Amino acid sequence: MVVRFLNTLLSLAFAMHSPSVKQVVVLLPAAVGLAHFFVSLGHPETFTDLITQPWYYVDLAFISAISFVILFYCLLVHTNLDNKLPLRKVPAKRLLWQAGFGVFIPVFLSFLLTFAYMSFILNQDIRTTSFFVYEFPISIVVILMINLVLIVFSLWVVENPVKSQSFPSTLLASQGNRTVPLSIRTIATFSKEGDHYLITTFDLQQYISPNHLEELEAMVSSRDFFRANRQMLVHRAACGHFTTDRSGKLTLHLSIKPDEPISISQKRAAEFRSWLAQ
């Protein structure tokens, strides 16, 4: 059981996916809003009175930074748990990990950061403040609510992407002076070679795509294609076999081009194995 726990922990660590830029942008105003809530907690002054106090902006800046760290960490953990432990497939195990990594650690982290702020910036003894009476209990409730919102969002959106997302069945590509409609089913790989983005079919025909690799990745299903590295997207059916070196890095040999191996980094190795086993 201990070995299983360590294996899962290592898998999560090596397959971490950071939240998107849009998600991070949303976290910024949320962090400021939370910071204002905690700063004004226990203060009878109105908002207009608070914004005239110099100490308010100092507290707001540091508490906003702490709130952002906690929010970012919660989102990071939740995103990776969604990939490794889908709630609908392993609910008990997922909730256990969510409680540990998504609740307990953020609570402990918020305490450490607040303690550091009070001790080194404000020169206050946290035991003489109202932190354990007001801020700390409420921060636990807030972190629980954050996890609840993320789980509900995951159940209704993340784990049901097929219902809201469709992909084209054909892509346009060029070969010489011809423009050819290619069925997605015939495509083995998308790759970047120099300034060109190539499409290679299962019968080894090559075409030039007008789209960037990031655009092509968004146009095909992630169940069929995997982003092996910065230069290549590979179809599941094109995967022949792979080997693993001591560092955990994978070398993938394609069924269509067995003599041209593809390198998959250690960080993406666990995700690739999981994707290939689906």
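Residues numbered from 1 in each chain as written. Predicted model: local features only at pLDDT ≥ 70, side-chain atom pairs only at ≥ 80, totals over all residues. Heavy atoms only, no water.

(A) How the structure looks around the overall build of the chain. For the chain, the helix and strand inventory stands at 9 helices and 10 strands. Per-residue burial for the chain yields a buried fraction of 36% across its 278 residues. Of the roughly 16700 Å² of accessible surface on the chain, a fraction of 65% belongs to carbon and sulfur atoms. (Helix = DSSP H or I, 4+ residues; strand = E, 2+ residues; numbered from the N terminus. Buried < 20%, exposed > 50% of the residue type's maximum accessible area, 1.4 Å probe, protein only. Areas by Shrake-Rupley, 256 points an atom, 1.4 Å probe, with all protein chains shown as cover.)

(B) Quick look at the environment of Ile51. For Ile51, the position within the fold is in the loop between helix H3 (47-50) and helix H4 (54-84). Those residues in contact with Ile51 that lie beyond four places of it in its chain are Tyr56 and Tyr57. (Contact = heavy atoms within 4.5 Å.)

(C) Quick look at the sheet that holds strand S10 (residues 262-264). Read across the open sheet, the 3 strands follow the order S8-S9-S10; overall the sheet is antiparallel. The open sheet terminates on both sides in strands that have one partner only, identified here as strand S8 (239-244) and S10. Taking each pair of neighbouring strands and ignoring which way they run, the sheet shows an average axis angle of 30°. Contacts between helix H9 (residues 266-276) and the sheet are confined to S8, strand S9 (250-254) and S10, with S8 contributing the most and set at about 140° to the helix. (Pairing = 2+ DSSP bridges. Axes fitted to C-alpha atoms, helices over the stretch in contact; angles between N-to-C directions.)

(D) Just the pairing of strand S2 (residues 178-183), in detail. Bridge analysis of strand S1 (residues 170-175) against S2 gives 6 bridges, and the strand direction is antiparallel. Opposite Thr170, over in S2, you have Ser183 as the bridge partner. Two successive antiparallel strands, S1 and S2, enclose a turn made up of 2 residues, where Gly176 displays a positive phi of approximately 70°.

(E) Here's a closer look at the nonpolar core. Counting residues in hydrophobic clusters, the biggest one holds 27 residues, and the most contacted among them are Phe38, Ile63, Leu71 and Ile146. Elements that contribute at least two residues to this core include exactly helix H2 (21-40), H4, helix H5 (91-121) and helix H6 (131-158). When residues of this core are assigned to their parent elements, the largest contribution, 8 residues, is made by H4. What Phe38 contacts, discounting residues up to four positions off in sequence, is Ile63, Glu135, Ile138, Ser139 and Val142. Core analysis: the next-biggest nonpolar cluster, separate from the first, contains 16 residues, Ala188, Phe226, Leu254 and Phe272 among them. (Core = buried A, V, L, I, M, F, W, Y, C linked by side-chain atoms within 4.5 Å.)

(F) Seen up close, the pairing of strand S6 (residues 225-229). Counting buried positions along S6 gives 4 out of 5 residues, so the element sits mostly inside the fold. Pairing between S6 and strand S7 (residues 232-235): 4 bridges, direction antiparallel. The residue bridging Asn229 from the neighbouring strand is Met232, located in S7. In textbook terms, the turn of a hairpin is the stretch between consecutive antiparallel strands, and for S6 and S7 this stretch comprises 2 residues.

(G) View of the environment of Val220. Turning to its location among the elements, Val220 is positioned in the loop between helix H8 (213-219) and S6. The spatial distance from the C-alpha of Val220 to the C-alpha of Leu233 is 9.9 Å, given a sequence separation of 13 residues.

(H) Fine view of the packing of aromatic side chains. Under the defined criterion, the tally for this structure stands at 17 aromatic pairs. Aromatic pair Phe62 and Tyr117: ring centres 4.9 Å apart, planes at 25°, arrangement stacked. Here Phe62, found in helix H4, pairs with Tyr117, found in helix H5; they are 55 residues apart in sequence, far enough to count as distant. Judged by relative accessible area, which is 35%, Phe62 ranks as partly exposed. (Phe/Tyr/Trp six-rings, centres within 6.5 Å; stacked < 30°, edge-to-face > 60°.)

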